[in-house]
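Survey of secondary and tertiary structure
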Amino acid sequence: MRPRRGLDSSSVWAQRVRQLEQRLRTKEERIVVLETENAVLHLKLAETFPYILETVMNFSTSPVFFSLYQGLAGRCTSEVLQLYAAHGQQMKFQRSSAVTQLHVAIKRLKQDLKSLHSFALELSKDFQRQSKTCLYQVLAAVQGIQLQNEAMQMFQIKAFDLEQSLQEVTERYEKEKQKRKALHNSLIELRGNIRVHCRIRPLLPFDDAAGHSQDRQRSFSEKVAYAADDETILVKCSRPGHASVNKTFQFERVYNDLESQDAIFADVAPLLTSLLDGYNVCIMAYGQTGSGKTYTMLGPQLEGNLAFTTEEESELGIIPRATQEVFRLLSEKPPGSYWVEVSVVEVYNNEIFDLLAKDSCGKVFGIKRDVVTTREGKSDVPLLTHETVENASEFLHLVNKGLHLRVTHPTLVHAHSSRSHLVVTLTITTVVFGDNFGILWEDEQTSQRINKEASFTFTQKMRDNKSTSSSRASSPVQLEATEKMKQVKTRLQLVDLAGSECVGMSGVTGAALRETSFINRSLSALADVLGAIAEQRAHIPYRNSKLTHLLQDSVGGDAKLLVMLCISPGQKYLTESMQSLGFGTRARQVQRGQVKKKNFPVPSKGK
Ligand code: ADP
Ligand code: MG
């Protein structure tokens, strides 16, 4: 600011100096003019004076007037002379006083000019001083900026280095994570652990608690379950009057509310490869009503409407996708060396219904069946319908038929909640040539030819002799064929469990209340079975419920079991979610011993 004010005032004063100098010049010019005029007047006077004198002299010497005006002329001449002298003196006086005044003015102006000069000098000195200071400041600022730029460059280089090392560390971390996952998977295989994946569904409009105050609604629909990372779920537990506590649970995989059906299936797909490698596989969705079990297992369509339409394909759940994948994998096997059957069973109010059984008119009708334990200690449902299917569409067509019969009943929690457990079983029977059993087929073509020739007759005979009973393996045709051939059955069980729910919250009464208590009882029976296996008790209470009896081989036997834990994220369902997470945690701890592979021939190299 200061230098600017200095600059302004110095320019004002310089202007003032210029004005005064101008005025001084004008005055001096005026003096010169006046002096010139004076000189001219002097000259004129000098020229005129002799003439006047001569005239006066002529007058005075004229004979006519001489006598008349002699006295007068003499008086005039002296008067003229006097006047002239007086005039001369006056002029002199006037001139000298004007000159004096001018001199005084000039003197004053010169003084002003001098003081102005000194002031201007001061100003310019001040200006110089200030510009110097400013220059120093600018130089210092430039230097500072340069230093800052250098520092910035250093930081940029450091940031780049850090980014690079971060990337390296991230890559290493990812690699280690993969390794850890692989090791963890091997450990799971060795211990026969149950894999537990946990999916948190998004908050949905029906999560708002209708009929409650706004505050209550807000707290009810508040999100409390989060995926902390892809293996940890974090739940904020808060009770009125208590500080909220964060609880975490670890699972093999945790999906956040944005993860797609694709992502869910990507983690399930390796199990299907295991299925084709000779392992039994069971995928079971567990969770409270409305937590997304049916969405995860079937897709968002209402039950009974599954189809491979392109626009909805991305929304399809595990069951249709798994079927597609199984048939894709099977298509790589020699044709005729396998066949696929499907059965659809519902457990409703502790009763088993065969959803593919046909009545005498051939119409599909759910027929009640029973579950028994075979001599080998396996569970079996005598007379259960197994339909042979050639492809995924046929499979889904049958599942859809079965789903139409599935009992649903609207509750307050969720208008389409299924009130029964659904068990879809896909059985692959693979025919293997007896002599080749366990021998490495070096030549893919030979193996295929042998398989094709030998299995074709066998499978044909088997198919011609279609039986609805699962115990048909001991039929005479099969016995005759098994002299040369062996069949290996592997089973994929896909289970959409009914949801557990608090009776008070769901608002059910009457028959629905009875359903709920059956559902809750069967689910606690499942938890009891897991507890007994985990504790390695001699007696496992499979028979306490039809559900556990039916799933005995998958839960306690030789199947690779994946529990897909479904969680509603809202505060409203906190109690149920905690119960489900507790179930999942217990399930993870179950060690069933190494999962056995079915007695398969060693796969050919090409596979
Ligand atoms: P459950 O079978 O556990 O009772 P549903 O699968 O029927 O629950 O899901 C309840 C509702 O929530 C359905 O309308 C379903 O479409 C929806 N839903 C569930 N999970 C998701 C999800 N991950 N994304 C979008 N909507 C979902
Ligand atoms: Mg459901």
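Right, let's walk through the structure included here. In this convention, every chain numbers its residues from 1, walking through the sequence in written order. Written order determines the labels here, with chains lettered from A and ligands numbered from 1. pLDDT decides what is reported in this predicted model: residues at 70 or higher carry local features, side-chain atom pairs at 80 or more are listed and counted, and totals for whole chains, interfaces and linings draw on all residues regardless. Computation of side-chain values: all heavy atoms of the structure, hydrogens and water removed.

Before going further, it helps to spend a moment on the overall build of the chain. Working definition: helices are DSSP H or I runs of at least four residues, strands are E runs of at least two. Numbering for both runs from the N terminus. A count of helical and extended segments in the chain gives 14 helices and 15 strands. Each residue is assigned to one of three classes by its accessible area relative to the maximum for its type, calculated with a 1.4 Å probe on protein chains only: buried under 20%, partly exposed between the two thresholds, exposed over 50%. By residue count, 40% of the 607 residues in the chain fall in the buried class. In this description, contact between two residues means that some pair of their heavy atoms is separated by no more than 4.5 Å. Contacts spanning at least 24 positions in sequence make up 73% of the contacts within the chain whose residues lie at least 6 apart. Summed over its atoms, the accessible surface of the chain is roughly 34100 Å², and 57% of this surface lies on carbon and sulfur atoms. For the area figures, the Shrake-Rupley method with a 1.4 Å probe applies, and any residue is considered shielded solely by the protein chains shown.

Before going further, it helps to spend a moment on the environment of Thr-427. As for its placement among the helices and strands, Thr-427 is situated in strand 13 (residues 421-433). The spatial distance from the C-alpha of Thr-427 to the C-alpha of Trp-339 is 8.2 Å, given a sequence separation of 88 residues.

Below, the discussion takes up the pattern of salt bridges. Take a side-chain nitrogen of Lys or Arg and a carboxyl oxygen of Asp or Glu: if they are within 4 Å of each other, that pair is a salt bridge. Throughout the structure, instances matching the rule amount to 19 salt bridges. For Asp-354, the salt bridge is made with Arg-369, and the minimal N-O distance between the two is 3.1 Å. Remark: Arg-369 occurs in strand 9 (residues 367-369) and Asp-354 occurs in strand 8 (residues 351-354); sequence separation between them is 15 residues. One network of salt bridges, in which partners are shared, links Arg-253, Glu-259 and Asp-267.

Moving on to the sheet that holds strand 2 (residues 225-229). Strand order in the open sheet formed by three strands is 2-3-4, and the pairing between neighbours is antiparallel. Two strands in the sheet have a free side with no partner beyond their single neighbour: strand 2 and strand 4 (245-250). Across the sheet, the axes of successive neighbouring strands diverge by a mean angle of 30°, strand direction being ignored. Sheet topology places strand 2 next to strand 3 (residues 232-237); four bridges connect them, and they run antiparallel. By the bridge assignment for strand 3, Ala-227 is matched with Ile-233. In this fold helix 14 (residues 574-589) packs onto strand 3 and strand 4, with an angle of close to 145° to the strand it touches most, strand 3. Following DSSP output, two strands are said to pair if at least two bridges run between them. A fitted line through C-alpha atoms represents every axis, and for helices the fit uses only the stretch in contact; the resulting angles, taken between N-to-C directions, go from 0 to 180 degrees.

Right, let's get into helix 4 (residues 261-276). Any helix carries an expected span of 1.5 Å times its number of residues minus one. With 16 residues, helix 4 extends 22 Å from end C-alpha to end C-alpha; this agrees with the ideal 22 Å at 1.5 Å per step. At Asp-267, helix 4 shows its maximal kink, close to 35°; a proline, Pro-270, follows between one and four residues later. Among the residues of helix 4, Gln-261, Ile-264, Phe-265, Val-268, Ala-269, Leu-271, Leu-272, Ser-274, Leu-275 and Leu-276 are the ones counted as buried. Where helix 4 ends, the next residue or the one after it, Gly-278, has phi of about 110°, a positive value. The angle separating two fitted axes, one through the seven residues that finish at a residue and one through the seven that start at it, defines the bend at that residue.

Two rings from Phe, Tyr or Trp (for Trp, the six-membered ring) form a pair when their centres are within 6.5 Å of each other. A pair whose planes differ by under 30 degrees is stacked, one over 60 is edge-to-face, and the rest are tilted. As enumerated under the stated definition, the model contains two aromatic pairs in all. With 4.7 Å between their ring centres and 70° between their planes, Trp-13 and Phe-119 make a pair best called edge-to-face. Of this pair, Trp-13 sits in helix 1 (residues 2-61) while Phe-119 is found in helix 2 (residues 63-191), placing the two residues 106 residues apart along the sequence. Judged by relative accessible area, Trp-13 falls into the partly exposed class, the value being 33%. The exposure class assigned to Phe-119 is partly exposed, which follows from its relative accessible area of 33%. Ring geometry for Tyr-286 against Phe-583: centres 3.7 Å apart, planes inclined by 5°, an arrangement best described as stacked. Of this pair, Tyr-286 sits in strand 6 (residues 280-287) while Phe-583 sits in helix 14, and the two are 297 residues apart along the sequence. Accessibility expressed as a relative area gives 1% for Tyr-286, which makes it buried. Residue placement shows Arg-521 over the ring face of Phe-518; its charged tip is 4.9 Å from the ring centre. By the criterion adopted, a ring carries a charge over it if an Arg CZ or a Lys NZ lies within 6 Å of its centre and within 35 degrees of its normal.

For the purposes of this section, nonpolar cores are sets of buried Ala, Val, Leu, Ile, Met, Phe, Trp, Tyr and Cys residues that join through side-chain atoms within 4.5 Å. Formed by 48 residues in total, the largest nonpolar core has its most connected members in Ile-233, Phe-251, Met-284, Val-555, Leu-565 and Leu-581. Counting residues per element, the ones that place at least two in this core are strand 1 (195-200), strand 3, strand 6, strand 7 (338-348), helix 11 (510-534), helix 12 (546-550), strand 15 (559-567) and helix 14. A total of eight residues in this core trace back to one element, the largest contributor, which is helix 11. In contact with Leu-565, other than residues within four places in its own chain, are Val-196, His-197, Cys-198, Arg-199, Phe-251, Tyr-286, Ser-580, Leu-581, Phe-583 and Gly-584. Counting 43 residues, the second largest nonpolar core, distinct from the first, contains Ile-283, Ala-285, Leu-422 and Leu-494.

All right, on to the pairing of strand 3 then. From the end of strand 2 to the start of strand 3, which pair antiparallel, there are two residues. Looking at chain direction, strand 3 and strand 4 are connected through six bridges and run antiparallel. Each bridged residue has a counterpart across the sheet, and for Val-235 the counterpart in strand 4 is Lys-247.

Attention shifts here to the packing of helix 11 against helix 14. At their nearest, the axes of helix 11 and helix 14 sit 9 Å apart, and the two run at 30° to each other. It follows from the interaxial angle that helix 11 and helix 14 lie roughly parallel. Here helix 11 and helix 14 pass one another in a crossing that is left-handed. Between helix 11 and helix 14, the residues in contact are Leu-526, Ala-527 and Leu-530 and Phe-583, Arg-586 and Ala-587, respectively. The classification used treats Ala, Val, Leu, Ile, Met, Phe, Trp, Tyr, Cys and Pro as nonpolar, Asp, Glu, Lys and Arg as charged, and all other residues, Gly among them, as polar. Residues belonging to the contact of helix 11 with helix 14 are distributed by class as follows: five nonpolar, no polar and one charged. Throughout, the term roughly parallel applies to angles under 35 degrees, roughly antiparallel to angles over 145, roughly perpendicular to angles from 65 to 115, and oblique to all others. Should the near helix be turned counterclockwise from the far one by less than a right angle, the crossing is left-handed, whereas a clockwise turn marks it as right-handed.

What follows concerns unusual backbone geometry. One non-glycine residue with positive phi stands out, namely Asn-349, at about 50°. Its place among the elements puts Asn-349 in the loop between strand 7 and strand 8.

Okay, the packing of helix 6 (residues 318-330) against helix 7 (residues 392-404) next. At a minimum axis separation of 9 Å, helix 6 and helix 7 run at an interaxial angle of 150°. Between helix 6 and helix 7, the angle is such that the two are roughly antiparallel. Read as a crossing pair, helix 6 and helix 7 show a hand that is right-handed. On helix 7, the residues touching Ile-319, Pro-320, Thr-323, Gln-324 and Phe-327 of helix 6 are Ala-392, Phe-395 and Leu-396. Classifying every residue of the contact of helix 6 with helix 7 gives six nonpolar, two polar and no charged.

Quick look at the pairing of strand 15 now. With respect to burial, strand 15 is a largely interior element, nine of its nine residues being buried. In strand 15, alternate side chains face the same way, and those of Ala-559, Leu-561, Val-563, Leu-565 and Ile-567 on one face and Lys-560, Leu-562, Met-564 and Cys-566 on the other are all buried. Summarising the sheet, strand 1 and strand 15 pair through six bridges and their orientation is parallel. Paired with Cys-198 across the two strands is Leu-565, which belongs to strand 15. Pairing geometry for strand 6 and strand 15, over eight bridges, is parallel. Note that in strand 15 the partner of Tyr-286 across the bridge is Leu-565.

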